[in-house]
Amino acid sequence: MIRLNEPAPDFAASSTHGPLQLSDFRGRWLLLFSHPADFTPVCTSEFVAFARRHAEFESLGCALVGLSVDSLYSHIAWTRSIEQVFGVTIPFPIIDDLSMQISSLYGMIQPAESHTSAIRAAFFIDPEGLLRALVYYPPSAGRSIEELLRLVQALQAGDREDAATPEGWQPGDSLVLPAPKTTQAAQERVLTAKNQGLECLDWYYCRKTAAGPTKKAAA
């Protein structure tokens, strides 16, 4: 079973940009996402949106890689169709997973939905190759690319500030500190909060202002 904060399963595959493997992305963030099928309306809407926000992911040092169990030739034909119909070029690779090896490795195949196609899954892998977040959607519900972009920024901000992001957090918003784990630590938090530039509503709920914008990971 794939687990958070453990190494993401390694893979090597063919893609629309040539051969690639997970280790190619070491040192930067990676959003690996699956879709049920090429030439379908919901998947097409997602890929158009991913392409239009691609530069924003790149500015965060986050690569995009798509995947489905369709063939490489299907991927190529589909991306060409998207360019012709929507005027959008798909700038990131799409993996050919006809064997379903990667899909099975990452739990993208959900038999209750389909034995022959991947669900909508998104895997956030950090520069060290650790799986930091995963999101599953059913085939019938399109993803919000805005939310996936926000999640990358939230993970990066939390790492940079050694803090967490509260509900609805957006870049530039305050972050929250982990709650103290002892009575003494709770008392020290309250007494030193002002000197540390913290805004504490109570001993367990303290906010801090982020030091700056999310930094771009090393390419």
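Residues numbered from 1 in each chain as written. Predicted model: local features only at pLDDT ≥ 70, side-chain atom pairs only at ≥ 80, totals over all residues. Heavy atoms only, no water.

Attention now moves to the overall build of the protein. In terms of helices and strands, the protein carries six helices and ten strands. In terms of overall dimensions, the protein has C-alpha extents of about 65 × 35 × 30 Å along its principal axes. By the burial criterion, 46% of the 219 residues in the protein qualify as buried. Put simply, 67% of the contacts in the protein that link residues at least 6 apart link residues at least 24 apart. Summing over all exposed atoms, the protein offers an accessible surface of approximately 11300 Å²; the carbon and sulfur share of this is 53%. Treating the 18 positive side-chain charges of the protein as one cloud and the 24 negative ones as another, the clouds have centres 5 Å apart. (Helix = DSSP H or I, 4+ residues; strand = E, 2+ residues; numbered from the N terminus. Buried < 20%, exposed > 50% of the residue type's maximum accessible area, 1.4 Å probe, protein only. Contact = heavy atoms within 4.5 Å. Areas by Shrake-Rupley, 256 points an atom, 1.4 Å probe, with all protein chains shown as cover. Lys, Arg positive; Asp, Glu negative; His and termini not counted. Charge placed at Lys NZ, Arg CZ, Asp CG, Glu CD.)

This part covers the state of the cysteines. Here the structure, examined in full by the defined rule, presents one disulfide. A sulfur-sulfur separation of 1.9 Å characterises the disulfide bridge that pairs Cys-200 with Cys-206. Where Cys-200 bonds to Cys-206 through sulfur, the torsion about that S-S bond is close to 110 degrees, and the disulfide is right-handed. Judged by relative accessible area, Cys-206 falls into the buried class, the value being 1%. Sulfur of Cys-43: no disulfide; nearest cysteine sulfur belongs to Cys-62 and is 20 Å away. In this structure Cys-62 comes out as buried when scored by relative accessible area, which is 1%. (Disulfide = S-S within 2.5 Å.)

What follows is about the pattern of salt bridges. Using the criterion set out here, one finds eleven salt bridges in the structure. Between Arg-150 and Glu-147 there is a salt bridge whose closest N-O contact spans 2.8 Å. Residue Arg-150 and its partner Glu-147 are located together in helix 5 (residues 145-161), separated by three residues, close to a single helical turn. On the accessibility criterion, Arg-150 (15% relative accessible area) is buried. Among the ionic pairs, Glu-161 bridges to Arg-160, the shortest N-O distance being 3.3 Å. Using a relative accessible area of 8% as the deciding quantity, one classes Glu-161 as buried. Assessed through its relative accessible area of 26%, Arg-160 is described here as partly exposed. (Salt bridge = Lys/Arg side-chain N within 4 Å of Asp/Glu carboxyl O.)

Moving on to the side chain of His-35. As for its placement among the helices and strands, His-35 is situated in the loop between strand 3 (29-34) and helix 1 (41-52). Within polar-contact distance, the side chain of His-35 engages the side chain of Asp-38 at 2.8 Å. Every residue in contact with His-35, bar those within four places of it in the chain, is listed here: Cys-43, Phe-47, Leu-67, Ser-68, Asp-70, His-75, Trp-78, Ile-94, Ala-118, Ile-119, Arg-120 and Arg-143. (Polar contact = N/O pair within 3.5 Å; in protein donor to acceptor, adjacent residues only side chain to side chain.)

What follows deals with helix 1. Note: α-helices contain 3.6 residues per turn, so residues at a spacing of three or four share the same orientation. With twelve residues, helix 1 should reach 16 Å at 1.5 Å per residue; the first-to-last C-alpha distance of 17 Å fits that figure. Of the positions making up helix 1, those classed as buried are Cys-43, Thr-44, Glu-46, Phe-47, Val-48, Phe-50 and Ala-51. (Expected span 1.5 Å × (residues − 1).)

Spatially, seven strands are ordered 2-1-5-4-3-6-7 in an open sheet, and the strand pairing comes out mixed. Strands with a single pairing partner mark the edges of an open sheet, and in this sheet they are strand 2 (20-21) and strand 7 (131-137). Of the strand pairs in this sheet, strand 6 (residues 120-125) and strand 7 are connected by six bridges, and their pairing is antiparallel. When the sheet's bridge partners are listed, Arg-120 is paired in strand 7 with Tyr-137. Of the strands in this sheet, strand 1 (12-15), strand 4 (62-68) and strand 5 (94-96) touch helix 3 (residues 72-86), which is tilted by about 150 degrees from strand 5. (Pairing = 2+ DSSP bridges. Axes fitted to C-alpha atoms, helices over the stretch in contact; angles between N-to-C directions.)

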